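# Summary of the model geometry
So you can see what is in the structure, the chains are spelled out below.
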Amino acid sequence: MSSRYTRGADEIVATPTGSILMEIHDLLFTAFGPQNWWPAETDLEMMIGAILTQNTSWNNVEKAIQNLKEKNLVSIKGLSDTPAPILAEYIRPAGYYNLKVRRLKNLISLIQDKHDGDLNSLLSLDTETIRKELLSVKGIGLETADSMILYAAGRALFVVDTYTHRILSRHGLIEEEAGYFEVQMLFMDTLPHDVELFKEFHALLVKTGKDFCRRKPLCPDCPLEKVNREA
Ligand code: SF4
């Protein structure tokens, strides 16, 4: 295991699955290097990005966030005070802009109503409570909530997305029909709970999914080509 992380190799739970997951991580890190996720200047910006990136590429999200920054709207007050139709125009590049504005407004309402407008008050709760509160927001599901918990709150909670599921399934580590929590527990039960490791590993899996593990996989050129595949 790379010494970049705060915990040593001896802390990896010694299971075959844990070893394979770390092998996958190390191969991807060697091939791609650090992904520097999440690309945001503040926790709120990260959380805005997590909503805007639903069903769209990051390039489109960047343009939407840039528009918000130019109008000084990356703030609880800015997002709260700006009428939805105006916000929708600014975030239009991210697609589904009317829906995403409602989701942003829902998140801001949670922070205002339950935390007096103080994001840190939400992010300093225990992990399960943050998750419960985020999941109570219409439009925030498990992947988005867990992304916010990992990258904004800085808690060691592994984020599962479509790419993670597909890569693990194709390498025989999970059944194709495995659910979100089953996949998440595979990481949580076999890897050290290291925030930086989880941040990097998730980002590396997303890159692998986008570049190689597509619906039609590009295995010959993929860094995981030599890792055992059962599907
Ligand atoms: S592209 Fe092939 S080698 Fe790469 S992760 Fe997907 S199944 Fe594995």
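Definitions and limits used
- Residues numbered from 1 in each chain as written.
- Predicted model: local features only at pLDDT ≥ 70, side-chain atom pairs only at ≥ 80, totals over all residues.
- Heavy atoms only, no water.
- Helix = DSSP H or I, 4+ residues; strand = E, 2+ residues; numbered from the N terminus.
- Rg over C-alpha atoms; globule rule 2.2 N^0.38 Å.
- Contact = heavy atoms within 4.5 Å.
- Phe/Tyr/Trp six-rings, centres within 6.5 Å; stacked < 30°, edge-to-face > 60°.
- Lys NZ or Arg CZ within 6 Å of the ring centre and 35° of its normal.
- Domains from an automatic or database assignment.
- Buried area = accessible area lost by both parts, 1.4 Å probe.
- Salt bridge = Lys/Arg side-chain N within 4 Å of Asp/Glu carboxyl O.
- Polar contact = N/O pair within 3.5 Å; in protein donor to acceptor, adjacent residues only side chain to side chain.
- Near = heavy atom within 4 Å.
- Nonpolar A, V, L, I, M, F, W, Y, C, P; charged D, E, K, R; others polar.
- Buried < 20%, exposed > 50% of the residue type's maximum accessible area, 1.4 Å probe, protein only.

## Focus: the overall build of the protein
Scanning the protein from terminus to terminus reveals 12 helices and 0 strands. Reading the protein from its N terminus to its C terminus gives the helix and strand order α-α-α-α-α-α-α-α-α-α-α-α. The globule rule puts the C-alpha radius of gyration for 231 residues at 17 Å, and the 18 Å found for the protein is close to it. Taken over the C-alpha atoms alone, the protein extends approximately 55 × 35 × 30 Å along its principal axes. Partitioning the contacts of the protein with sequence separation of at least 6, the portion at a separation of at least 24 is 64%.

## Remarks on the packing of aromatic side chains
Within this structure, the stated rule accounts for 10 aromatic pairs. Taken together, the ring pairs connect Trp37, Trp38, Trp58 and Tyr151 into an aromatic cluster. In this arrangement the basic side chain of Lys207 is found over the ring face of Phe32, its NZ or CZ atom lying 5.2 Å from the centre.

## Looking at the domain arrangement of the protein
Along its sequence, the protein is organised into domain 1 (9–36 + 157–221) and domain 2 (43–151). Centre-to-centre, using C-alpha coordinates, domain 1 lies 26 Å away from domain 2. Facing 13 residues of domain 1, the contacting portion of domain 2 comprises 9 residues. Overall, the association of domain 1 and domain 2 removes approximately 970 Å² of surface from exposure, summing both partners, and the carbon and sulfur fraction of that is 68%. Contact with domain 2 buries surface across domain 1, with Leu157, Val159 and Lys199 losing the most and accounting together for 52% of the total. Run the count over domain 1 and domain 2 and you get 0 salt bridges. Linking domain 1 with domain 2 are 4 residue pairs in polar contact (both at pLDDT 80 or more). Contributions of two or more residues to the side of domain 1 that touches domain 2 are made by helix H11 (180–190) and helix H12 (195–211). Per element, the largest residue contribution to the side of domain 1 that touches domain 2 is 5 residues, and it comes from H12.

## Here's the deal with the site of the ligand
As a structural note, the neighbourhood of the ligand is formed by Ile167, Arg170, His171, Phe212, Cys213, Pro217, Leu218, Cys219, Cys222, Leu224, Glu225 and Arg229. Taken together, the residues of the shell around the ligand break down into 8 nonpolar, 1 polar and 3 charged.

## Observations concerning the pattern of salt bridges
Going through the model one piece at a time under the given rule, you end up with 9 salt bridges. For Arg131, the salt bridge goes to Asp146, with nearest N and O atoms at 2.9 Å. Remark: Asp146 occurs in helix H9 (residues 142–151) and Arg131 occurs in helix H8 (residues 127–135); sequence separation between them is 15 residues. Judged by its relative accessible area of 8%, Arg131 is buried. Put simply, Lys199 and Glu196 hold a salt bridge, and the shortest N to O gap is 3.6 Å. With Lys199 and Glu196 both in helix H12, this residue pair falls 3 residues apart, about one helical turn. For Glu196, a relative accessible area of 41% corresponds to the partly exposed category.

## Focus: H11
Residues of H11 that are buried: Tyr180, Val183, Gln184, Leu186, Phe187, Met188 and Thr190. Elements that come into contact with the buried residues of H11 comprise helix H1 (16–32), H8, H9, helix H10 (162–170) and H12.

## Looking at the environment of Leu104
Relative to the helices and strands, Leu104 is located in helix H6 (residues 97–115). With 82 residues separating them along the chain, Leu104 and Met22 place their C-alpha atoms 36 Å apart. Setting aside chain neighbours within four positions, we find Leu104 in contact with Ile48, Ile51 and Leu52.

## Quick word on unusual backbone geometry
Residue Trp38 is bonded to the preceding Trp37 through a cis peptide linkage, with omega at 5°. Position of Trp38 relative to the elements: it lies in the loop between H1 and helix H2 (43–52). Although it is not a glycine, Asp116 sits at a positive phi angle of roughly 55°. When you line up the elements, Asp116 lands in the loop between H6 and helix H7 (119–123). Since its relative accessible area comes to 74%, Asp116 is described here as exposed.

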